[in-house]
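A closer look at the structure
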Amino acid sequence: MTANSLRVLNPQSAWAAEDSAAPGAEKKKTKLVPVVRTSYLPERDADKTPILECIDLGISFGGLKAVDNFNLALGRTEIAGLIGPNGAGKTTIFNLLTKVYQPTHGTILLDGKDIAYSSTEQVNRAGIARTFQNIRLFHNQSVLDNVLIGLHNEMHYTMAEAVLRMPRYWKAEKVARERAMEYLSLFHLEEHADEPAGSLPYGAQRRLEIARALATNPSLLLLDEPAAGMNPSETAELMENIVRIRDTFQIAILLIEHDMNLVMNICEGIAVLNFGRIIAKGTPDDIRANPAVIEAYLGRKGAQKL
Amino acid sequence: MKKLSISKGTRSDLLTCAGVILAFVVVSALKANGGLNRSQAGMLVPVCCYIVMAVSLNLTVGILGDLSLGHAGFMSVGAFTGIITAMSLAEKIPSAPLRLALAMVVGAVFAAVIGFLIGIPVLRLSGDYLAIVTLAFGEIIKELITCLLVGVDERGLHVIFNFNGSRNANDLNLGAAGRVIVKGAQGATGTQTIATFTAGFILIMITLVVVQNLIRSRQGRAIMAVRDNRIAAEAVGISVTRYKMMAFVTSAALAGAAGALFGLNYSNLAATKFDFNTSILVLVFVVLGGLGNIRGSIIATVVLYILPEALRGFANYRMLIYAVVLIVVMLTTNNPVIKSYRDQWQQKLRREKGREANAA
Ligand SMILES: Nc1ncnc2c1ncn2[C@@H]1O[C@H](COP(=O)(O)OP(=O)(O)OP(=O)(O)O)[C@@H](O)[C@H]1O
Ligand SMILES: [Mg+2]
């Protein structure tokens, strides 16, 4: 890969120079960063800009380096997995990507643009949607309303038009409702449209969260343990759904999952995290064979026994 | 796919409006036929004002989910700017209803501007801190209006801020035909009482249209999303500050209009009328009617405003009964045991309905 030739650049010193040079407003411009690509993109995406690039991303909580030196590139239609033992820092990475946390160092490029100065809400509008490990639905609102809230930025009428019930309001609401029902039917939730989201069974809540995230029309979808709490048949359906979403919407999907069957089956690239650092990166076959991964999951002694 | 008929929510909104219209017709007929005594007739305009106050506060407390203890502050901004508008235009606009409408618009605009300015620092906070700061702002507004001296003459409006208490109405230097509108701590004196029950009814209807239509729009859904789960709302691209501000300012504007109507219902009105107690009174209406429940706010306001008057015969026990009713209603509507029992019952009903639908 040509990108490897860029590795000679030391990323750390490049940041230092940039930080001291550009004060205030200048910084808001997209940075021209030397990209250190150590990830391999799927062949079909290789000649396009990656949808997401993380360069030396890191965050510390007090003394704890929850994520450190995280590098990743994601193809535009890639399904990638992020795995690792509990507390490895996977969710923290999602929180960094969506700006729930501000990185202590490093760069995130979304479609080639730096999102250092974007808020969570702006990041979503720029194209990242996510689900949460501990489901965060609008519990008291109906299933349909949850997806309609996801469609918020896809509707364009003003408050005055809403209060006066102008034609634009009716039209936008009608279109949005139809679209919302389509998203719901992708996940077999259309019968539950009028029920409060909180009354759905656990698996259905997870699917609703994905529907709501998709409704924001993202180019990158982050799924935090989408199969948690699902039974094997639900998980099998979810796997099909994830692939189908990628095929229909032509978006990239990055998922965190403990279900190895799911990860190994649908992910094209996998990054393994332990203690906040990437310990292995590659295709499912690479990962399966990697001794460092086996050690991280089973411990040194367990790995030796194998 | 399901047909897009009138949704359940919209039907409920229309029912609320129909109820208000019906009540207006009945009360108007009673009034015209002498069915109301003087004190009862005198309560009509204030009841309308408090209904608008309660519904608008419900937008902040119930729909946005931020506890505000300074709602009376916006009412007083509306009241005094409304009075000044109506009084200073007495000669230029002879039509009283037109002047009243203009006063309410001016009251709403000023209250909205103040709401926006207060919202900038306040909406960064949440929970108890937000409540305490809104309380403080409500008191600040009251104190500032207490310092206000306003008069009008042929040269126009004269305004003095009497901060150290050393000045009085004479310092306004009014011309021969001038008159004082607001006299510091005494408040507005000699106001022409042009407020009418019909205006109150129209204001309630406008409030209902604004608040209910807002709730059932993308903006309203965004406001409720921020209330229910701020992080999830941000994650789906909703600007928290923007929608918090939208709800807060709308709420303030409606309170301002209510204040203008209220102010023009009394010939004498001091700023101390809009103190902490008034804010709490309106909050009680909202909480008792149910957070986020617009119809509940209206019913609670009417019942709780009229109850003390109806209990006049009991004189000494009046406030005691009032307090006991408050506690009982609070316990029965907010008791977790009763609530969970009610939810179970509702779910059962829904399931049975579903079964019937499947069988059919
Ligand atoms: N806001 C925070 N403040 C302090 N420490 C935090 C914070 N968020 C995460 N951490 C710490 O960062 C580490 C990584 O947590 P994270 O939630 O990312 O793990 P994870 O890989 O998602 O684990 P799991 O598989 O259990 O979900 C943990 O040690 C956690 O305690
Ligand atoms: Mg996690």
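Everything numeric here is computed off the predicted structure, so don't read it as measured data.

All names here are of chain B. At a minimum axis separation of 9 Å, helix α3 (residues 44-63) and helix α11 (residues 276-289) run at an interaxial angle of 75 degrees. Looking at the two axes, α3 sits roughly perpendicular to α11. Together, Y50, M53, A54, L57, N58 and V61 of α3 and T278, L281, V282, L283, F285 and V286 of α11 make up the contact between the two elements. Taken together, the residues that form the contact of α3 with α11 break down as ten nonpolar, two polar and no charged.

Turning to the interface of chain A and chain B, a few remarks are in order. Counting from both sides, the interface comprises 35 residues of chain A and, opposite them, 33 residues of chain B. When chain A packs against chain B, close to 2900 Å² is buried across both sides, 61% of that on carbon and sulfur atoms. The interface formed by chain A and chain B includes one salt bridge. The residue R221(B) makes a salt bridge to E173(A) at a minimum N-O spacing of 2.8 Å. Where chain A touches chain B, the interface holds 14 residue pairs in polar contact (both at pLDDT 80 or more). Listing elements by their share of the side of chain A that touches chain B, those giving two or more residues are α4 (120-126), α5 (143-150), α6 (159-163) and α7 (167-186) of chain A. Per-element tally for the side of chain A that touches chain B: the top contributor is α7(A), with six residues.

A word on the coordination of the magnesium ion (ligand 2). All names here are of chain A. In this structure, T91 (OG1) and Q133 (OE1) serve as the protein donors to the magnesium ion (ligand 2), at separations of 1.9 to 2.1 Å. With T91 in helix α3 (residues 90-97) and Q133 in the loop between β6 (128-130) and α5, the pair connects residues that are 42 residues apart, well separated along the chain. With relative accessibility at 23%, the residue T91 sits in the partly exposed group.

Further remarks concern the nonpolar core. All names here are of chain B. In terms of nonpolar packing, the biggest core is built from 108 residues, with F80, M104, V182, I238, L261, L264 and F274 touching the most fellow members. The element contributing the most residues to this core is helix α10 (residues 240-263), with 16 residues. Excluding residues within four positions of it along the chain, F274 makes contact with A72, M75, S76, A79, F80, K142, F262 and L269.

This part covers the environment of D56(A). Residue and element names in this part refer to chain A. Here D56 is to be found in strand β1 (residues 52-61). According to the relative accessible area criterion, D56 is buried, its value standing at 5%. Taking C-alpha positions, D56 is 36 Å from Y183, a pair spaced 127 residues apart along the chain.

The subject of this paragraph is the sheet that holds strand β2 (residues 156-161) of chain B. All names here are of chain B. The three strands are arranged β2-β1-β3 in an open sheet whose pairing can be described as antiparallel. Each edge of the open sheet carries a strand with a single partner, namely β2 and β3 (179-183). Between one strand axis and the next, the sheet turns through 15 degrees on average, direction left out of account. Where strand β1 (residues 148-153) lies against β3, four bridges are found, and the strand directions are antiparallel. Looking at β3, one finds that G151 is bridged to V180. Relative to the sheet, helix α4 (residues 71-88) contacts β1, β2 and β3, its axis offset from that of β3 by approximately 175 degrees.

Residues and elements named next belong to chain A. For the structure on display, the rule yields 13 aromatic pairs over all chains. Between F61 and Y101 the ring centres are 5.2 Å apart and the planes differ by 80 degrees, which places this aromatic pair in the edge-to-face class. In this pair, F61 sits in strand β1 while Y101 sits in the loop between α3 and β4 (105-110), placing the two residues 40 residues apart along the sequence. Overall, the relative accessible area of 36% leaves F61 in the partly exposed class. Residue Y101 is classed as partly exposed on the basis of its relative accessible area, which comes to 30%.

Cut-offs used in this document
Residues numbered from 1 in each chain as written. Chains lettered and ligands numbered in written order. Predicted model: local features only at pLDDT ≥ 70, side-chain atom pairs only at ≥ 80, totals over all residues. Heavy atoms only, no water. Axes fitted to C-alpha atoms, helices over the stretch in contact; angles between N-to-C directions. Helix = DSSP H or I, 4+ residues; strand = E, 2+ residues; numbered from the N terminus. Parallel < 35°, antiparallel > 145°, perpendicular 65-115°, else oblique. Contact = heavy atoms within 4.5 Å. Nonpolar A, V, L, I, M, F, W, Y, C, P; charged D, E, K, R; others polar. Buried area = accessible area lost by both parts, 1.4 Å probe. Salt bridge = Lys/Arg side-chain N within 4 Å of Asp/Glu carboxyl O. Polar contact = N/O pair within 3.5 Å; in protein donor to acceptor, adjacent residues only side chain to side chain. Donors = N, O, S within 2.8 Å, 3.2 Å for Na, K, Ca; no water. Buried < 20%, exposed > 50% of the residue type's maximum accessible area, 1.4 Å probe, protein only. Core = buried A, V, L, I, M, F, W, Y, C linked by side-chain atoms within 4.5 Å. Pairing = 2+ DSSP bridges. Phe/Tyr/Trp six-rings, centres within 6.5 Å; stacked < 30°, edge-to-face > 60°.

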